Amino acid sequence: MYSRITEFQTTSKTHCDMIVAFFQNVMIPKHLKNGMLSSEIYRVSDNEGFLVSSFKNKNDADNILKMGANTINEVKGNIKIKFVEGERVFRGDQ
């Protein structure tokens, strides 16, 4: 299992609402159809949040990132985006 965390920071609450809606309605459904296993969006503040996306392996994660690179660049504007990723080592569930 491979995970990618996409941290984002926008310039306003409205801009953050727009990027969250874009992730929910455009990007995540497209990526789920192309091999992403799951994705969750978390809000940290009015203008910050992060996505946690899971993939079978790094190759799948990289292919989906390449597929969405142009789209991300189009909507990026003044949004700061940072990626943190790696292999899952442990998962605890109840």
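All of these numbers come straight from a predicted model, not from anything done at the bench. (Residues numbered from 1 in each chain as written. Predicted model: local features only at pLDDT ≥ 70, side-chain atom pairs only at ≥ 80, totals over all residues. Heavy atoms only, no water.)

Undergrad: What's the story with the pairing of strand β3 (residues 48-55) in this structure? I'm lost.
TA: For a regular strand, side-chain orientation follows a simple rule: the groups alternate between the two sheet faces. Bridge analysis of strand β1 (residues 2-9) against β3 gives eight bridges, and the strand direction is antiparallel. Pairing of T6 across the sheet is with L51, part of β3. Sheet topology note: the strand β2 (residues 38-45)/β3 ladder contains seven bridges and is antiparallel. From the neighbouring strand, S38 faces β3, where its bridge partner is S54. (Pairing = 2+ DSSP bridges. Helix = DSSP H or I, 4+ residues; strand = E, 2+ residues; numbered from the N terminus.)

Undergrad: Honestly, helix α1 (residues 13-33) in this entry has me stumped. Any pointers?
TA: Since the α-helix turns once every 3.6 residues, residues separated by three or four places project in the same direction. With 21 residues, α1 should reach 30 Å at 1.5 Å per residue; the first-to-last C-alpha distance of 29 Å fits that figure. Approximately 40° is the largest bend angle found in α1, and it occurs at F23. Taken residue by residue, α1 has H15, C16, I19, V20, F22, F23, M27, I28 and H31 as its buried positions. Just downstream of α1 lies G35, where phi reads positive at about 120°. (Expected span 1.5 Å × (residues − 1). Bend = angle between axes of the 7 residues up to and from the residue. Buried < 20%, exposed > 50% of the residue type's maximum accessible area, 1.4 Å probe, protein only.)

Undergrad: Can you walk me through the packing of aromatic side chains in this structure?
TA: Note on aromatic pairs: each is described by the distance of the centres and the angle between the planes. With the rule as written, the count across this model stands at three aromatic pairs. On the basis of an interplanar angle of 70° and a centroid distance of 5.4 Å, the ring pair of F8 and F23 is categorised as edge-to-face. With F8 in strand β1 and F23 in helix α1, this pair connects stretches of sequence that are 15 residues apart. Both residues of the pair, F8 and F23, belong to the buried class. Considering the side-chain rings of F22 and F23, the 6.1 Å spacing of their centres and the 50° angle between planes classify their relative orientation as tilted. Given the relative accessible area of 15%, F22 is considered buried. (Phe/Tyr/Trp six-rings, centres within 6.5 Å; stacked < 30°, edge-to-face > 60°.)

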